[in-house]
Amino acid sequence: MKYIRQYIKISLIISLVGICISSSHLLGQGDEIVSDAKREEIQRYVGYETLIYRYLSLPYDVTMNNNERGTGFLDIGFLLLMFLPILVMIKFRHRWSILVVVPLLMLVMFVVSTSNSFLFNNVARTMEVNQDGTTHYVITSETPLNDRIIRTYYNINNQLYKPFRALASKVSGPKDGVTYPLILLLFIGIFTFWMSIGKASSKVPWIFIVSIFLLFCFYWFLLSPGIVWYGFLGLLLGTVVLLLLIPTEGDSQWISRFGKYAFYGMAGVWLTIGLLSRISNITPGSPTELLGKTMLNPVSMQYASGNFDENVVIDMFYPGTSAVLDMINNNKDKLVFRIGTSFSYFIENNHQRVLMDNQLQFFNNLTKVYQDKREIAKALKASNFGYFIIDINTPTLDNTPEQSLTKKYQKAVNFVYNNPNVRLLATNRVITKNQTGEQRYYDMFGDNVINNGTFAIYEIL
């Protein structure tokens, strides 16, 4: 027991030293740097709110997928955020400080989080962003009951957020000298409290597991920018901590039994929902009429059964690309400039031939050196680039307030538009020559876009 506590204390000291160094580096980072690939790619997971609220809202944002949405790889479920504070209060219900501080911290987090969040409009099928608690959600007689309840809550919450907005305007902003010291002090307080509880306990594994959980979560919280897969160990340890916090059979109080059965019940509900969602292949953005109807992809099944060869399958997923990919693979000495997409998978020796510029940082620097699009093509050609691949959905990744990634994407689109030094090889963007939707064809540019598409492959001439 003695050695375990010493180990934990040493780990804490090392963590504090490391975090002070990291914080001194992070304190110099601000949001005034535009067109920065790290800001566009990494910071979108943690958000672009005022710095102090960017971190205070992080547990809620990660749980509810506020900043980035995705099925499977981003959805961690609600069990940890919902039951950790509840089970802590049940476990230490005889300590009045726990019963006061925990609900207060949760209230602050929810007020800050929902005031820097969004509300989905079920009627218009759009997201209504709640920017810094300034949005007023309209309620009419035609608004459904559930939407009325949620909109009323958000309007009340935005009123509660006003003092927080006023405070942030004085002490914080894109960067400050308050946020990281505050997080450090908060962690020290939580860890110190836990160690004081651990002194009165003889359960060494319990103390060790919770201590490692706190240390790991603190590092993830401050240094991961909200990226879920950096915290997989924390999710595993969090699940173990929840199980350790569940009231035992010796607790006969009704509140203990309520906490135990509520956790098991909600865990079962979540597992059922998650299983059905994954089996049904329900993904964000899918048409309503297709939800739950794409459990098995017929093209993949035909390929697995040997009825379709590889080129047929590629063309069915990416129209007209099998011949283009064969051309790229045959010209092994030519490099490929790739902006997004997953086409590296189909390109031989992609680790040597493909330049990935997903945030267009490199291309943006080219436009600063070469003002003419034809000169850019000549520069790429002189550098042995033979192909130029564009992800048409690149702007959808741009959550920056200044829309810097979108602006760089427009430069890339302008580069291929009416440029005699490039030639379109393949795209799945559908254009029509008239309003009736007739005479459809694949192209990047046209007056009437029927299907936005996802990619475009060009040859640099």
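On a predicted model such as this, the values are computed, not experimentally measured, just so you know.

(A) Region of interest: the overall build of the protein. Tallying secondary structure elements over the protein gives 19 helices and ten strands in all. Per-residue burial over the protein gives 41% buried out of 461 residues. Taking the contacts inside the protein whose residues are at least 6 apart along the sequence as the reference set, 62% of them involve residues at least 24 apart. Counting every atom, the protein has about 25,300 Å² of accessible surface; 63% of that belongs to carbon and sulfur.

(B) Just the sheet that holds strand S8 (residues 440-442), in detail. On the basis of which strands lie adjacent, the open sheet formed by three strands has the order S8-S7-S9 and antiparallel pairing. Edge strands, defined here as strands with exactly one partner in the open sheet, are S8 and strand S9 (448-451). With strand direction ignored, the average angle separating the axes of adjacent strands in the sheet is 40°. Two strands pair when backbone bridges link them, and strand S7 (residues 430-432) and S9 are joined in this way by three bridges, in the antiparallel orientation. Within S9, the residue paired with Ile 431 across the bridge is Val 449.

(C) Spatial organisation of the pairing of strand S5 (residues 385-391). Burial within S5 is extensive, with seven of its seven residues counted as buried. Across five bridges, the pairing between strand S3 (residues 335-339) and S5 is parallel. Following the sheet pairing, Arg 338 is matched in S5 by Ile 389. Of the pairings in the sheet, the one linking S5 to strand S10 (residues 455-460) comprises five bridges and is antiparallel in character. When the sheet's bridge partners are listed, Asp 391 is paired in S10 with Phe 455.

(D) Layout of a nonpolar patch on the surface. A cluster of nonpolar side chains, Trp 96, Leu 99, Val 100, Val 101, Leu 105, Leu 186 and Ile 190, forms an exposed patch at the surface whose accessible area comes to about 680 Å². Those elements giving two or more residues to the nonpolar patch turn out to be helix H7 (96-114) and helix H9 (179-198). Broken down by element, the residue count for the nonpolar patch peaks at five residues, all from H7. Mapped onto the elements of the fold, Leu 105 is located in helix H7.

(E) Layout of the packing of helix H6 (residues 79-91) against helix H12 (residues 254-280). Where H6 meets H12, the closest approach of the two axes is 10 Å, and the angle between their N-to-C directions is 170°. With respect to each other, H6 and H12 are oriented roughly antiparallel. Taking contact as the criterion, the partners of Leu 79, Met 82, Phe 83, Leu 87 and Ile 90 in H6 are, on H12, Ile 255, Ser 256, Gly 259, Ala 262, Phe 263, Met 266, Ala 267 and Trp 270. Tallied by class, the residues present in the contact of H6 with H12 amount to eleven nonpolar, two polar and no charged.

(F) Main features of helix H15 (residues 322-330). Of all the residues in H15, the buried ones are Ser 322, Val 324, Leu 325, Ile 328 and Asn 329. Considered in projection along H15, the buried side chains sweep an arc of 160° and stay on one side of the axis. In H15, the exposed positions angled more than 90 degrees off the buried face are occupied by Ala 323 and Asn 330. Close packing links the buried residues of H15 with helix H14 (310-317), S3, helix H16 (350-353), S5, strand S6 (422-427) and S10.

(G) A look at the pairing of strand S1 (residues 117-121). Burial of S1 is extensive: four of the five residues sit out of reach of the surface. In this structure, S1 lies alongside strand S2 (residues 126-130), joined through five bridges in antiparallel fashion. Bridge pairing links Phe 120 to Met 127 in S2.

(H) Structural detail: the confidence of the model for the protein. Of all residues in the protein, 87% attain a pLDDT of 70 or more, and the chain-wide mean is 82. The low-confidence segment residues 21-33, where pLDDT is below 50, has 21 contacts with residues more than four positions distant or belonging to other chains.

(I) Structural view of the packing of H6 against helix H11 (residues 232-245). At a closest axis distance of 9 Å, the pairing of H6 and H11 adopts a crossing angle of 35°. In terms of crossing hand, the pair formed by H6 and H11 is left-handed. Contacts from Leu 79, Leu 80, Phe 83, Leu 84, Leu 87, Val 88 and Lys 91 in H6 reach Leu 235, Gly 238, Val 241, Leu 242, Leu 244 and Leu 245 in H11. The residue makeup of the contact of H6 with H11, split by class, is eleven nonpolar, one polar and one charged.

(J) Structural detail: unusual backbone geometry. Despite not being glycine, Thr 341 shows a phi value in the positive range, around 65°. Looking at where Thr 341 falls in the secondary structure, it is placed in the loop between S3 and H16. One non-glycine residue with positive phi stands out, namely Asn 349, at about 55°. On the secondary structure map, Asn 349 appears in the loop between S3 and H16.

(K) Focus on the environment of Phe 263. Its place among the elements puts Phe 263 in helix H12. The class of Phe 263 is buried, set by a relative accessible area of 5%. On a C-alpha basis, the gap between Phe 263 and Leu 87 in space is 8.9 Å, while along the polypeptide they are 176 residues apart. Setting aside residues up to four positions removed in sequence, Phe 263 forms contacts with Phe 83, Leu 87, Leu 242, Leu 243 and Ile 246.

Rules and cut-offs
Numbers given for residues are sequential positions, taken from 1 along each chain in its written order. With pLDDT at 70 or above as the cut-off, local features in this predicted model cover only qualifying residues; side-chain atom pairs require 80 or more to be listed or tallied, and sums for whole chains, interfaces and linings still use all residues. To obtain the side-chain values, all non-hydrogen atoms of the structure were included, while hydrogens and water were left out. Under the DSSP-based scheme used, a helix requires at least four consecutive residues in state H or I and a strand at least two consecutive residues in state E, with every element numbered from the N terminus. Whether a residue is buried, partly exposed or exposed follows from its accessible area with a 1.4 Å probe, protein chains only, as a fraction of its type maximum: under 20%, in between, or over 50%, in that order. Only heavy atoms enter the contact rule, under which two residues are in contact if any of them lie within 4.5 Å. Here, Shrake-Rupley sampling with a 1.4 Å probe gives the accessible areas, and only protein chains in the shown set may cover a residue. At least two DSSP bridges between two strands are required for those strands to pair. A fitted line through C-alpha atoms represents every axis, and for helices the fit uses only the stretch in contact; the resulting angles, taken between N-to-C directions, go from 0 to 180 degrees. Residues with no salt bridge and a relative accessible area higher than 30% make up the patches, which join like charges within 9 Å and nonpolar side chains (Val, Leu, Ile, Met, Phe, Trp, Tyr) within 5 Å. Just to be clear on terms, a salt bridge is a Lys or Arg side-chain nitrogen sitting within 4 Å of an Asp or Glu carboxyl oxygen. Roughly parallel means an angle under 35 degrees; roughly antiparallel means over 145; roughly perpendicular covers 65 to 115; every other angle is labelled oblique. Throughout, the ten residues Ala, Val, Leu, Ile, Met, Phe, Trp, Tyr, Cys and Pro are labelled nonpolar, Asp, Glu, Lys and Arg are labelled charged, and all others, Gly among them, are labelled polar. Summarising the geometry, the arc corresponds to the directions from the helix axis toward the C-beta atoms. Per residue, pLDDT captures the predictor's confidence, and it can take any value from 0 to 100. Each crossing gets its handedness from the near helix: less than a right angle anticlockwise from the far helix is left-handed, clockwise is right-handed.

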